[in-house]
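The chain contents come next:
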Amino acid sequence: MIQISDLSLTAGNFRIDHLNLDLREGVFNILLGPTGSGKTLILESVIGLRPLARGRVVLGGKEIQNLPPEKRGIAYLPQDLALFPHLTVRENLRYGLRAQEKTSAEDENHLERVIEALKIRHLLERHPQGLSGGEKQRVALGRALAPSPRLILLDEPLAALDPALKSEIQQLLLSLQGALRFTALYVTHDLEEAYLLGDTISVLIDGRIEQRGPREDVFLRPQTAKIARFLGFRNLFPAEVRPSSPGGGAMAIAVWGKEIILPREQAAAGLTAGERVILYLRPEEVLVLREGKPIKEILRPNILEGSVARILDRGAYQWILFRPSGMDISLEIHLPNYVFRNLSLAEDQPIRVAMRKESFWVMPDEHIRPKP
Amino acid sequence: MSFFKTSVLAAFLLFFFYAALILSLLTAFEGKGFWELLRAPETLFAIRLSLTAATLAAILAVAIGLPAAYALSRKNFFGKKVVDTILELPLIMSPIALGAALLIFFNTRAGEAIQSQGILFVFEFPGIVLAQFATIAGLATRLMKTALDEITPRYEAVARSLGSSAWQAFWRITFPLAFRGLVSAVILCWAKAVGEFGATVTLAGTMAFKTETMPTAIFMALASADIPKTIILILILAGIGLTALYAVRLLDKRPQVL
């Protein structure tokens, strides 16, 4: 376990106070946050490039926050890769081994494994400026991994790549991680990338870790509306936990002028009766009902009637804006293309939609209940 | 006329301005006596003195200016803006004023104490080196800082994360990458030192075979109305300077590793 605890630092007007972050070994730990949330500051302080006002960084059971960067055993891969242009690929790869005076047969074998895993043997005598974008990424990864660091920090290394190359390098990162089992702290603002690579995801907003956990927890069960908004969730509605509990592990939520009974596991922990909350409805889980088709009993309590306000073809799916009758709200619905074709939907068409209980998620509204 | 053409015309106007100055020297230059004057002991002494003093001044400027340039390029520290501003002092201050300031300094107790240690500056060879150093050190630091600014600090950050100390990261990564820019800066400053007159003459005087540098020799020849000698000395000085500047251009033309 790599522990970053009680970390505090200031950079201009930006502050990070008492931040705690535990990293699992042998996996990708994702630090996910919007631009300006303090991700790079944390990275720089973990590497040792930025002094801490206070805090501890424990790596391998040893406090390293007072060590210079070269003594920490943490490799750094910046967004621009910073391959040394005056050195060949081989010299770039060997830089860390030379600097750390690692000359054992084991070190050499590890370097060979890295070169093989990255498939860069044919590039060894070339200079970085003659390499393609993907080759540069591979060499930079190899340079970071060659001296067997205890931790590798990656600062949005794929942010500037085109989608095809980004996908290729993501696959490479996953296979490389599988082969070498290195521990990584990977900083990104890219949600898809975080989900694809992340074993553990920490959401950083305004210098605070808002949520940390397995990727499914973060993406399917955000603990606050702030996180949900950062993750791009759109169907967020103000609601309230009813004072009277239906019992049996269920809770009653007042929303859209009606009451929805939801299983307790469809809500964040710690909600109290009468609390104002935010209800999230997953757009890909909303069912558009076909006229004349029988409706399952389980769906009957949560059916809304209305019309299609807008349809956008998003390529991978169809984006539908649904306006329920008599309500001042809109719902976003994501339909698979084949379902959309079968339904033959058009704008202004009256439709009925149904929502399963599992399609909802309830979380506290941080505007009303600030985090302690 | 388009903006582009106007700008090219301006560049050629400047070129013709300086070319006309050189050509005017050549029209008055009779050619006779050139080699005799070049081989004359006092000319050779002046050339040797100028080159030696300028080289020492440039070495000193690099020895102090390079670490200073690194600090100004990479670090934020208290008083950085003040230090940065003072570096431009020699650019805005007349060289004679700079020389006078040095002369006055060596008449203070601190200056006399320094001279009493055995190194005499006033009207002596070390005075030439010091005057040239004072003239070029700020410029050298500024130019070297510009060369270092062009190398992203992330190279050093990565090098340090791979196990290099701050010094090793500078020596193995930043220095080789900035080398051409640094050498250009040194050559330019060296050439400026070779041509330095005001501060040198004020602090070191004009004694033949002692403190008479090339620019001083030109001044002395002109003062004694020896125009042919003046022209020949100017041509020699211009030749040294232009060779140095051309060397800078050659450095720029070498294939980039970047």
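Sequence order sets the numbering: in each chain, residues are counted from 1 along the sequence as written. Both sets of labels track the order of writing: A upward for chains, 1 upward for ligands. Selection of residues for local features in this predicted model requires a pLDDT of at least 70, selection of side-chain atom pairs for listing and counting requires 80 or more, and totals for whole chains, interfaces and linings are taken over all residues.

**Q** Where do I start with the overall build of chain B in this structure?
**A** Check the secondary structure of chain B and you find 13 helices and zero strands. Secondary structure is summarised from DSSP: a helix means a run of H or I of at least four residues, a strand means a run of E of at least two, and numbering begins at the N terminus for each. Listed N to C, the secondary structure of chain B is α-α-α-α-α-α-α-α-α-α-α-α-α in terms of helices and strands. The buried share of chain B, taken over its 258 residues, is 37%. Residues are treated as contacting if the C-beta atoms built from their backbones sit within 7 Å of each other. Partitioning the contacts of chain B with sequence separation of at least 6, the portion at a separation of at least 24 is 75%. With C-beta atoms placed from the backbone, a residue is labelled by how many other C-beta atoms lie within 10 Å of its own: buried for 20 or more, exposed for 12 or fewer, partly exposed between the two.

**Q** What should I look at first to understand the overall build of chain A in this one?
**A** From N to C terminus, chain A includes nine helices and 20 strands. Taking the principal axes of its C-alpha atoms as reference, chain A extends roughly 75 × 45 × 35 Å. Of all 372 residues assigned to chain A, the portion counted as buried reaches 37%. In chain A, 67% of the contacts between residues at least 6 apart in sequence involve partners at least 24 apart.

**Q** What is the right way to read the domain arrangement of chain A from this model?
**A** As a measure of interface size, the accessible area lost when the parts come together is often cited. Residues and elements named next belong to chain A. The split into domains, and so the bounds of each, comes from an automatic or database assignment of domains. We note that the domain assignment places domain 1 (2-220), domain 2 (225-281 + 360-364) and domain 3 (287-354) within chain A. Taking only C-alpha atoms into account, the centre of domain 1 sits 37 Å from that of domain 2. Every contact between the two is made by seven residues of domain 1 and, on the other side, five residues of domain 2. Looking at the side of domain 1 that touches domain 2, the elements that each hand over two or more residues are β9 (200-205) and β10 (208-214).

**Q** Please clarify how the sheet that holds strand β5 (residues 62-63) of chain A should be interpreted in this entry.
**A** Sheet strands pair via backbone hydrogen bonds, and the direction of the pair is either parallel or antiparallel. Residue and element names in this part refer to chain A. In space, the four strands of this open sheet follow the order β2-β1-β4-β5, with antiparallel pairing throughout. The outermost strands of the open sheet, each flanked by one partner alone, are β2 (14-23) and β5. At least two DSSP bridges between two strands are needed for those strands to be called paired. Two elements, strand β4 (residues 54-59) and β5, share two bridges in a ladder whose sense is antiparallel. Within β5, the residue paired with leucine 59 across the bridge is lysine 62.

**Q** Got a minute to help me understand the packing of helix α9 (residues 153-161) of chain B against helix α10 (residues 166-194) of chain B in this structure?
**A** Geometry of a packed helix pair, given as the angle between the helix axes and the separation of the axes. All names here are of chain B. To define axes, lines are fitted to C-alpha atoms, for helices over the stretch in contact only, and angles between the resulting N-to-C directions are given on a 0 to 180 degree scale. Viewed as axis vectors pointing N to C, α9 and α10 meet at an angle of 140°, and their least axial separation amounts to 9 Å. By the angle between their directions, the pair α9 and α10 is classed as oblique. Note on packing geometry: the crossing formed by α9 with α10 is right-handed. Here Tyr155, Glu156, Ala159 and Arg160 of α9 come into contact with α10, specifically with Ala166, Ala169, Phe170, Arg172, Ile173, Thr174 and Leu177. The cut-offs work like this: below 35 degrees is roughly parallel, past 145 is roughly antiparallel, 65 to 115 is roughly perpendicular, and the gaps in between are oblique. Helix crossings get a hand from a simple test, with the near helix turned counterclockwise from the far one by less than a right angle marking a left-handed crossing and a clockwise turn marking a right-handed one.

**Q** Is there a simple way to explain helix α5 (residues 163-180) of chain A in this structure?
**A** The α-helix advances 3.6 residues per turn, and as a result positions three or four apart in sequence lie on the same side. All names here are of chain A. For a helix, the expected span equals 1.5 Å multiplied by the residue count minus one. For α5, with 18 residues, the first-to-last C-alpha span of 25 Å sits near the 26 Å given by 1.5 Å per residue. The set of residues buried in α5 consists of Lys166, Ile169, Leu173 and Leu176. Seen end-on, α5 carries its buried residues on one side only, within an arc spanning 90°. Residues of α5 that are exposed and point more than 90 degrees away from the buried face comprise Pro163, Ala164, Gln171, Ser175 and Gly178. Those residues of α5 that are buried lie in contact with α3 (105-118), α4 (133-145) and α6 (191-197). Taken from the residues just after α5, arginine 181 is the one with a positive phi, measuring 50°. Taken from the helix axis, the directions to the C-beta atoms give the arc we talk about.

**Q** Can you walk me through the pairing of strand β12 (residues 250-255) of chain A in this structure?
**A** Two faces belong to every sheet, and in a regular strand the side chains alternate between them. Residues and elements named next belong to chain A. Pairing between strand β11 (residues 236-241) and β12: two bridges, direction antiparallel. Bridge assignment links glutamate 240 to a residue of β12, and that residue is alanine 254. Where β12 lies against strand β13 (residues 258-263), six bridges are found, and the strand directions are antiparallel. Paired with alanine 250 across the two strands is proline 263, which belongs to β13. Taken together, β12 and the strand that follows it, β13, pair antiparallel across an intervening segment of two residues, in which tryptophan 256 is found at a positive phi of about 55°.

**Q** Sorry if this is basic, but what is going on with the nonpolar core here?
**A** For soluble globular proteins, nonpolar side chains are generally found buried alongside one another. Only buried residues count toward a nonpolar core: Ala, Val, Leu, Ile, Met, Phe, Trp, Tyr and Cys, linked into one set through C-beta atoms within 7 Å. Formed by 156 residues in total, the largest nonpolar core has its most connected members in Leu153 of chain A together with Ala140 and Cys189 of chain B. Not counting residues up to four positions away in its chain, the partners in contact with leucine 153 of chain A are Leu43, Val46, Ile47, Ile74, Tyr76, Leu77 and Leu185 of chain A.

**Q** Would you mind going over the interface of chain B and chain A with me for this structure?
**A** Taken together, the contact between chain B and chain A spans 17 residues of the former and 20 residues of the latter. The set of elements that each furnish at least two residues to the side of chain B that touches chain A consists of α9 and α10 of chain B. Each residue belonging to the side of chain B that touches chain A can be placed in one class, and the counts come to nine nonpolar, six polar and two charged. Three classes are used: nonpolar for Ala, Val, Leu, Ile, Met, Phe, Trp, Tyr, Cys and Pro, charged for Asp, Glu, Lys and Arg, and polar for all others, with Gly counted as polar.

**Q** I keep staring at unusual backbone geometry and nothing clicks. Help me out?
**A** Most of the time, phi is negative for any residue but glycine, and the peptide bond is trans. Residue and element names in this part refer to chain A. Look at serine 148: it is not a glycine, yet its phi comes out positive at around 50°. Summarising the element assignment, serine 148 is placed in the loop between α4 and β7 (151-155). Judged by the 18 C-beta atoms lying within 10 Å of it, serine 148 is partly exposed. You will see that glutamate 156, though not glycine, has its phi angle at about 45°, which is positive.

**Q** What is the right way to read the confidence of the model for chain B from this model?
**A** Caution is warranted with low-pLDDT regions, since their predicted coordinates should not be read in detail. Residues and elements named next belong to chain B. Summarising the model, chain B shows a mean pLDDT of 90, and 97% of its residues fall at 70 or more. Within a predicted model, pLDDT stands for the predictor's per-residue confidence, ranging from 0 to 100. Of all helices and strands in chain B, the one with the weakest mean pLDDT is helix α2 (residues 34-39) (81), whereas α9 scores best (96). Our summary of model confidence lists the complex with pTM equal to 0.82 and ipTM equal to 0.83.

**Q** How do you make sense of the sheet that holds strand β6 (residues 74-77) of chain A when you look at a structure like this?
**A** All names here are of chain A. Pairing is mixed in the open sheet, where six strands are placed in the order β6-β7-β8-β3-β9-β10. Of all the strands in the sheet, the pair left with one neighbour each is β6 and β10. Shown here is a sheet whose adjacent strand axes are inclined to one another by a mean of 20°, direction ignored. Strand direction decides the pairing type here: strand β3 (residues 28-32) and β9, joined by four bridges, are parallel. Paired with leucine 31 across the strands is serine 202, a residue of β9. In the packing of helix α1 (residues 39-47) onto the sheet, the strands contacted are β3, β6, β7, β8 (184-188) and β9, and the crossing angle to β7 comes to about 150°. Packed on one face of the sheet, α4 meets β6 and β7 and runs near 165° to β6.

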